[in-house]
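# A structural walkthrough
So the chains spell out like this:
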Amino acid sequence: MRIDRADIIRVQNPFLHPFETSFTKFVVRDALLVRLASEGEYGWGECKAFHGPYYNAEDNGTALHVLKNLILPRLVGRECDGPEAFLREFRYIKGNRLAKAAVENALWELRSRFAGKTLKTLIGGTSKEVIAGISIGIQKDEKTLVEKVGKALEAGYHRVKIKIRPGTDVTRIGAVRKAFGDIPLTVDANSAYTLRDIETLRAIDDFGLEYIEQPLGDEDLLDHAELQKALRTDICLDESVSSYEAAEAAIRLGSCRVINIKSSRVGGISEGIRIHDLAVKNGIRVWCGGMTELGIGRAQNIAFASLPGFAKMAHDLAGSSRFFARDIVTPEIRLTDSCMMVVPDEENGIRYEVDTRAVDDMTVAHWVVRP
Ligand code: OSB
Ligand code: MG
């Protein structure tokens, strides 16, 4: 396909409730959208970077630079064979995978339009519906957290993940266990601990969690391997699995038994599929993570989560209204009554389309790259 033009659109959409993690508090979803024009069709991608480099080393500033100055000027006005060829050609740009994924995802949408097939079909997805779990941010106190967990259980979420940070972790997990007993519960530390916190981590180990997500630093594969030996609870890596190579290293070292795959974190859907396959081959459990995305990224995550290896676990995949009053795709992304997410395919005919009015209303800046 020939890429005729590219647009980068910066949008801001306020969160219904601020979402707090151990690394920052999100108040507005500030995101770069990429729209590629090719032979009369559009392909959209959403860059999952945030306002600062706190989740990983990228942020919206670095992503804008890489997209606007490095990637898109080389892509526009030329033939591109698709997502895999794009990632191969741009390997010479190191890292910056959230930025690359925005383009890679847009190329998947173009491929889908030209082929007349859904993303699920193109990637070999098998699930008709995928299991929804919820990620609950750090709350101001224990009581509020217990209330939020209660609401999530009432809504039917199949697994509850709570964000934790040093200091309030053990008492809060204890409060949730006391209030709700043996529910499917996990925690996500977003790399807030080190091996010096081993006593706390052992205490967390005693709660019988489904897994502990990213307890240690994003580059600490060796320490995670040591920790995994010391704990009964499975470690789930998120930030540390920044690439296929990192996944291989983590598996070989025994740094985890579970991987949260976010295709954006590793450069795109085609790279995410390779990690999915590698994990399945090695008996590593996998599920699909989220980045509080808007509808474009959310819809692509839903398709990605339909891969066979994801079938048994719950994902961070909620409807749009979990975070936002208004989203940028139609129809609205919603869960079923039994808290499952239906995956668009040729049979059900569901197709999420970008709501350009909503995009316009949320736009704060716009750049165009022409040949
Ligand atoms: O670590 O999984 C994470 C949100 C922002 C950045 C990192 C993470 C998260 C979440 C929310 O946990 C997942 C979601 O989008 O529902
Ligand atoms: Mg995480």
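Look above for the structure.
Computed from a predicted model, the values in this text were never measured in an experiment.

### Concerning the overall build of the protein chain
The helix and strand tally for the protein chain stands at 12 helices and 17 strands. With respect to the principal axes defined by its C-alpha atoms, the protein chain has extents near 60 × 40 × 35 Å. Looking at the protein chain as a whole, 58% of its 371 residues qualify as buried. If you take every contact in the protein chain between residues at least 6 apart in sequence, the share linking residues at least 24 apart comes to 72%. When the accessible surface of the protein chain is totalled, it reaches about 15000 Å², and 50% of it is carbon and sulfur. In the protein chain, 50 side chains carry a positive charge and 53 a negative one; their mean positions are 1 Å apart.

### A closer look at the coordination of the magnesium ion (ligand 2)
For the magnesium ion (ligand 2), the full set of protein donor atoms is Asp188 (OD), Glu213 (OE) and Asp238 (OD), at a range of 2.0 to 2.3 Å. Of note, the donors binding the magnesium ion (ligand 2) are all from one chain and are spaced D-x24-E-x24-D. Residue Glu213 is located in strand 9 (residues 212-213), and its partner Asp238 is located in the loop between strand 10 (235-237) and helix 9 (244-253); the two are separated by 25 residues in the primary sequence.

### Things to note about the packing of aromatic side chains
The final tally for this structure, using the stated rule, is 14 aromatic pairs. For the ring pair Tyr211 and Trp287, a centre distance of 5.6 Å and an interplane angle of 20° mean the geometry is stacked. Placement of the pair is Tyr211 in the loop between helix 7 (198-205) and strand 9 and Trp287 in strand 12 (residues 285-288), with a sequence separation of 76 residues. This pair shows no difference in class: Tyr211 is buried, exactly as Trp287 is. Taking the ring centre of Tyr42 as reference, the NZ or CZ of Arg35 above it sits at 3.9 Å. Above the plane of the ring of Tyr244 lies Arg274, whose end atom (NZ or CZ) is 4.0 Å from the centre.

### Let's talk about the side chain of Ser127
Looking at the secondary structure, you find Ser127 in the loop between helix 4 (119-123) and strand 6 (129-136). Taking the relative accessible area as the measure of exposure, Ser127 reaches 10% and is therefore buried. For Ser127, the residues in contact, after removing those within four places along its chain, are Lys120, Ser306, Ala311 and Val343.

### A look at the packing of helix 9 against helix 10 (residues 269-281)
Close contact between helix 9 and helix 10 brings their axes to 9 Å; oriented N to C, the two are set at 15°. Classed by the angle they form, the pair helix 9 and helix 10 counts as roughly parallel. Once helix 9 is placed against helix 10, the crossing between them reads as right-handed. For the pair helix 9 and helix 10, contact is made by Tyr244, Ala247, Glu248 and Ile251 and by Glu271, Arg274, Ile275, Leu278 and Ala279, respectively. The residue inventory of the contact of helix 9 with helix 10, partitioned by class, reads 6 nonpolar, no polar and 3 charged.

### Focus on the pattern of salt bridges
Oppositely charged side chains can form a pair if their charged atoms are brought close together. Considering all chains together, one arrives at 30 salt bridges under this definition. The partner of Glu353 in a salt bridge is Arg113, and the shortest N-O contact between them spans 2.9 Å. Of this pair, Glu353 sits in strand 16 (residues 353-354) while Arg113 sits in helix 3 (residues 97-115); the two residues are 240 residues apart in sequence, bridging distant segments of the chain. A salt bridge links Asp238 to Arg265, with the shortest nitrogen-to-oxygen separation between them at 2.6 Å. Here Asp238 is found in the loop between strand 10 and helix 9, whereas its partner Arg265 is found in the loop between strand 11 (258-261) and helix 10, with 27 residues between them in sequence. Judged by relative accessible area, Arg265 falls into the buried class, the value being 3%. One connected set of salt bridges, linked through shared partners, spans Arg159, Lys161, Lys163, Asp188, Glu213 and Asp316.

### Digging into the site of ligand 1
Residues in contact with ligand 1 amount to 18 residues; listed here are only the nearest, Ser135, Lys163, Asp188, Asn190 and Thr292. Residue Lys262 places a side-chain N or O atom 3.0 Å away from an oxygen atom belonging to ligand 1. Of the residues that make up the shell around ligand 1, three or more belong to each of domain 1 (5-116 + 356-369) and domain 2 (121-342).

What counts, and at which threshold
Residues numbered from 1 in each chain as written. Chains lettered and ligands numbered in written order. Predicted model: local features only at pLDDT ≥ 70, side-chain atom pairs only at ≥ 80, totals over all residues. Heavy atoms only, no water. Helix = DSSP H or I, 4+ residues; strand = E, 2+ residues; numbered from the N terminus. Buried < 20%, exposed > 50% of the residue type's maximum accessible area, 1.4 Å probe, protein only. Contact = heavy atoms within 4.5 Å. Areas by Shrake-Rupley, 256 points an atom, 1.4 Å probe, with all protein chains shown as cover. Lys, Arg positive; Asp, Glu negative; His and termini not counted. Charge placed at Lys NZ, Arg CZ, Asp CG, Glu CD. Donors = N, O, S within 2.8 Å, 3.2 Å for Na, K, Ca; no water. Phe/Tyr/Trp six-rings, centres within 6.5 Å; stacked < 30°, edge-to-face > 60°. Lys NZ or Arg CZ within 6 Å of the ring centre and 35° of its normal. Axes fitted to C-alpha atoms, helices over the stretch in contact; angles between N-to-C directions. Parallel < 35°, antiparallel > 145°, perpendicular 65-115°, else oblique. Left-handed = near helix turned anticlockwise from the far one by under 90°. Nonpolar A, V, L, I, M, F, W, Y, C, P; charged D, E, K, R; others polar. Salt bridge = Lys/Arg side-chain N within 4 Å of Asp/Glu carboxyl O. Near = heavy atom within 4 Å. Polar contact = N/O pair within 3.5 Å; in protein donor to acceptor, adjacent residues only side chain to side chain. Domains from an automatic or database assignment.

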